[in-house]
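Commentary on secondary and tertiary structure
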Amino acid sequence: VQLQASGGGLVQAGDSLRLSCAASGGTFGTYFVAWFRQAPGKEREFVGGFRWSGGTTYYADSVKGRFVISKDRAKNTVYLEMNGLKPEDTAVYYCATGRPIISAIRGSTAYYYWGQGTLVTVFS
């Protein structure tokens, strides 16, 4: 499975942005699909994710209530809708997929496939 992330850009604090993650060469199937981000000088951190086949959507506390993850089955694409953006949301955002157990979804090592990352820059 190859993942293509897109939609990043330069936005002002308070604005919204939607990122896309399209899968090719396969489908998400029963995989867990997640978004991670990595700010300069920081470790990659879990943003949110869900199992493509259905179930709970998990979010990091730092984005809960502002970010929403959704999917389009027909397009085999996952979206990250980011609202109320803050300068601290500035990072390269990655989508990833794999079969982690629920207790491990926040760890980047649990994922098999990664997109190339898309840069989001939020200025105040």
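This text goes with the structure placed above it.
A few points on the structure. (Residues numbered from 1 in each chain as written. Predicted model: local features only at pLDDT ≥ 70, side-chain atom pairs only at ≥ 80, totals over all residues. Heavy atoms only, no water.)

**Focus on the side chain of aspartate 89**
With respect to the helices and strands, the residue aspartate 89 is situated in the loop between β8 (77-82) and β9 (91-98). At 2.9 Å, the side chain of aspartate 89 and the side chain of arginine 37 are in polar contact. Setting aside chain neighbours within four positions, we find aspartate 89 in contact with Arg37, Arg66, Phe67, Gly84, Val120 and Val122. (Helix = DSSP H or I, 4+ residues; strand = E, 2+ residues; numbered from the N terminus. Polar contact = N/O pair within 3.5 Å; in protein donor to acceptor, adjacent residues only side chain to side chain. Contact = heavy atoms within 4.5 Å.)

**Examining the packing of aromatic side chains**
Here the structure, examined in full by the defined rule, presents eleven aromatic pairs. Plain terms: the ring middles of phenylalanine 28 and tryptophan 52 are 4.8 Å apart, the flat faces sit at 40 degrees to each other, and that makes the pair tilted. In this pair, phenylalanine 28 sits in the loop between β3 (17-24) and β4 (32-38) while tryptophan 52 sits in the loop between β5 (45-51) and β6 (57-59), placing the two residues 24 residues apart along the sequence. Side by side, phenylalanine 28 and tryptophan 52 carry an identical accessibility label, which is buried. Both rings, one in tyrosine 111 and one in tryptophan 114, keep their centres 6.1 Å apart while their planes meet at 70 degrees; by these two values the pair is edge-to-face. Looking at tyrosine 111, the relative accessible area reads 6%, which means it is buried. Grouped by ring-pair contacts, the aromatic residues Phe32, Phe36, Phe46, Tyr58, Tyr94, Tyr111 and Trp114 constitute a single cluster. Directly above the aromatic system of tryptophan 114 lies the positively charged group of arginine 44, at a separation of 4.8 Å from the ring centroid. (Phe/Tyr/Trp six-rings, centres within 6.5 Å; stacked < 30°, edge-to-face > 60°. Buried < 20%, exposed > 50% of the residue type's maximum accessible area, 1.4 Å probe, protein only. Lys NZ or Arg CZ within 6 Å of the ring centre and 35° of its normal.)

**Regarding the environment of tyrosine 59**
For tyrosine 59, the location among the structural elements is in strand β6. Residue tyrosine 59 is classed as buried on the basis of its relative accessible area of 15%. Distance from tyrosine 59 to valine 47, taken between C-alpha atoms, is 5.8 Å for residues twelve residues apart in sequence. Non-local contacts of tyrosine 59, meaning those with residues more than four positions away in its chain, are made with Phe46, Val47, Gly48, Lys64, Phe67, Val68, Ile69 and Arg106.

**Digging into the nonpolar core**
Within the largest apolar cluster, 28 residues are counted, with the highest numbers of intra-cluster contacts made by Trp35, Val78, Leu80, Met82 and Tyr93. For this core, the secondary-structure elements that each account for two or more residues are β1 (2-6), β3, β4, β5, β7 (67-72), β8, β9 and β11 (118-123). In terms of residue count, the dominant contributor to this core is β3 (four residues). Formed by eight residues, the second largest nonpolar core is a distinct cluster that contains Ala34, Phe36, Phe46 and Ala96. (Core = buried A, V, L, I, M, F, W, Y, C linked by side-chain atoms within 4.5 Å.)

**Re the state of the cysteines**
Within the structure shown, the criterion is met by one disulfide. With its sulfur 2.1 Å from that of its partner, cysteine 21 forms a disulfide with cysteine 95. Classification of the bridge connecting cysteine 21 and cysteine 95 rests on its S-S torsion, roughly 75 degrees, and on that basis the disulfide is right-handed. In this pair, cysteine 21 is assigned in strand β3 and cysteine 95 in strand β9, connecting sequence segments 74 residues apart. (Disulfide = S-S within 2.5 Å.)

**What to know about the environment of arginine 106**
Among the structural elements, arginine 106 can be located in the loop between β9 and β10 (111-114). Given a relative accessible area of 47%, arginine 106 falls into the partly exposed group. Each C-alpha atom, one on arginine 106 and one on glycine 49, is 9.0 Å from the other, the two residues being 57 residues apart in sequence. If near-sequence neighbours (up to four positions away) are discounted, arginine 106 is found in contact with Phe36, Phe46, Tyr58 and Tyr59.

Geometry only, nothing functional implied.
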